[in-house]
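The residues making up each chain are set out below.
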Amino acid sequence: GDFFFLIEQNLTFDRVFAMFPHPMYTIGYAFYYGASLITQSYTVLYVSILAHASQLVFLTIVENPHIDKTYGGDQSERVMDPE
């Protein structure tokens, strides 16, 4: 929600986000790679790789700079919620 509406709070990573800060962009693509194995299709594999690479480029160019601008600092300095 903070991309369009600024919310005054500290950025915290808890639960699965403590282990994987961006699970949708990393382990979330396992389904697509599994689909390429199930269909035995190189086309599906190449589309999966392209989509995954595109998402990581978006993360690097758009999302991480936005997070740094909004919350300041880099990801290693962010609060990890132990709960």
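Criteria and cut-off values
Residues numbered from 1 in each chain as written. Predicted model: local features only at pLDDT ≥ 70, side-chain atom pairs only at ≥ 80, totals over all residues. Heavy atoms only, no water. Helix = DSSP H or I, 4+ residues; strand = E, 2+ residues; numbered from the N terminus. Buried < 20%, exposed > 50% of the residue type's maximum accessible area, 1.4 Å probe, protein only. Contact = heavy atoms within 4.5 Å. Areas by Shrake-Rupley, 256 points an atom, 1.4 Å probe, with all protein chains shown as cover. pLDDT = per-residue confidence, 0-100. Phe/Tyr/Trp six-rings, centres within 6.5 Å; stacked < 30°, edge-to-face > 60°.

Asks: Can you walk me through the overall build of the chain in this structure?
Replies: Regarding its fold elements, the chain presents 3 helices and 2 strands. Counting from the amino terminus, helix and strand elements in the chain follow one another as β-α-α-α-β. The buried share among the 83 residues of the chain stands at 20%. Of all intrachain contacts in the chain linking residues separated by at least 6 positions in sequence, the fraction that spans at least 24 positions is 60%. Of the accessible surface of the chain, which amounts to about 6400 Å², a share of 66% is contributed by carbon and sulfur atoms.

Asks: Help me out: how do you make sense of the environment of Ser 48 in this one?
Replies: Inspection of the secondary structure assignment puts Ser 48 in helix H3 (residues 42–71). Note on Ser 48: relative accessible area 3%, which makes it buried. Sequence-wise, Ser 48 and Ala 35 are 13 residues apart; in three dimensions their C-alpha atoms are separated by 9.0 Å. If sequence neighbours within four positions are ignored, Ser 48 has contacts with Tyr 29, Tyr 32 and Tyr 33.

Asks: How should I be thinking about the confidence of the model for the chain in this particular structure?
Replies: Low pLDDT marks stretches whose predicted atomic positions should not be read closely. The predicted model of the chain has a mean per-residue pLDDT of 76, with 63% of residues at 70 or higher. Mean pLDDT in the chain bottoms out at strand E2 (residues 79–80), which sits at 46, and peaks at helix H2 (residues 30–39), which reaches 92. Here residues 77–82 is a poorly scored stretch, pLDDT under 50, and it has 14 contacts once near neighbours within four places are set aside; other chains count.

Asks: Hey, could you run me through the packing of aromatic side chains in this one?
Replies: The geometry of an aromatic ring pair is captured by the separation of the ring centres together with the interplanar angle, meaning the angle of the planes. Under the defined criterion, the tally for this structure stands at 3 aromatic pairs. Here the aromatic rings of Phe 31 and Tyr 32 are separated by 5.4 Å at their centres, their planes lie at 75°, and the arrangement is edge-to-face.

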